[in-house]
Amino acid sequence: MRSKIAKRIQGETPEEIRIFVRQYTDIVIRINLLLEKKGYTQKDLADKLGKRPSEINKWLRGPHNLTLKTLAKLEAELGEPIIYTSRPPARRERARA
C-alpha cells in the first residue's frame, strides 16, 4: 500500500509529467534491450554515433529529453524501431534497374 505522502505527491504531479516519465522509461528499456540484443555496450554505441560515452549514459540514465532526431539516429544504428506509432512504418522499395 502506498504511503499518504506518496499518494499526495502523485496527486500533485501533473499528468504530462507522469506520461513523460512512463514514455521515457519505456524508450530507455527498449534501447537497452536492443543494445543487449546487438551485444553493444554504451561505449560501443557512443563510438558508432560519434558521441561521448557520458552523453549516451545521460540519455539512458536521467530524464533527458530525447529528440526525434536522436531517436532516429539510435533506430538507424540499432536496426529496429524504438518507438511505435499507430501507422506502420513505410517500407523502402528497392530501386528497379
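Placed above this text is the structure.
The rules we used
- Residues numbered from 1 in each chain as written.
- Predicted model: local features only at pLDDT ≥ 70, side-chain atom pairs only at ≥ 80, totals over all residues.
- Heavy atoms only, no water.
- Helix = DSSP H or I, 4+ residues; strand = E, 2+ residues; numbered from the N terminus.
- Polar contact = N/O pair within 3.5 Å; in protein donor to acceptor, adjacent residues only side chain to side chain.
- Contact = heavy atoms within 4.5 Å.
- Buried < 20%, exposed > 50% of the residue type's maximum accessible area, 1.4 Å probe, protein only.
- Arc of directions from axis to C-beta.
- Axes fitted to C-alpha atoms, helices over the stretch in contact; angles between N-to-C directions.
- Parallel < 35°, antiparallel > 145°, perpendicular 65-115°, else oblique.
- Nonpolar A, V, L, I, M, F, W, Y, C, P; charged D, E, K, R; others polar.

J.: What's the story with the side chain of Q42 in this structure? I'm lost.
T.: Mapped onto the elements of the fold, Q42 is located in helix α3 (residues 42-49). For Q42, the side chain forms a polar contact with the side chain of N57, separated by 3.3 Å. Ignoring any residue separated from it by four or fewer positions in sequence, one finds Q42 in contact with I56, N57, L60 and R61.

J.: Hey, could you run me through the environment of V28 in this one?
T.: Mapped onto the secondary structure, V28 falls in helix α2 (residues 15-38). A sequence separation of 33 residues divides V28 from R61, and the C-alpha atoms of the two residues are 8.1 Å apart. V28 has contacts with W59 and L60, leaving out every residue within four places of it along the chain.

J.: Honestly, helix α4 (residues 53-61) in this entry has me stumped. Any pointers?
T.: Listing the buried residues of α4 in full gives I56, W59 and L60. Buried residues of α4, viewed axially, fall in a sector of 85°; they line one side. The inward-facing, buried residues of α4 abut α2, α3 and α5 (68-78).

J.: Help me understand α5 in this model?
T.: Since there are 3.6 residues in each turn of an α-helix, residues three or four apart along the chain are aligned in direction. Listed in full, the buried residues belonging to α5 are T70, L71, L74 and L78. An end-on view of α5 places all buried positions within 100° of arc, on one side of the element. Relative to its buried face, α5 has exposed residues pointing more than 90 degrees away, namely L68, K69 and A76. Those residues of α5 hidden inside the fold are in contact with α2, α3 and α4. Once α5 finishes, G79 follows within two positions and takes phi at roughly 80°, a positive value.

J.: Would you take a moment to explain the packing of α3 against α5 for this structure?
T.: In the contact formed by α3 and α5, the axes pass within 11 Å of each other and the chain directions differ by 105°. As judged from the angle between their axes, α3 and α5 are roughly perpendicular. Residue-level inspection shows L45, K48 and L49 of α3 in contact with α5, the latter providing K73, L74, E77 and L78. Residue composition of the contact of α3 with α5, by class: four nonpolar, no polar and three charged.

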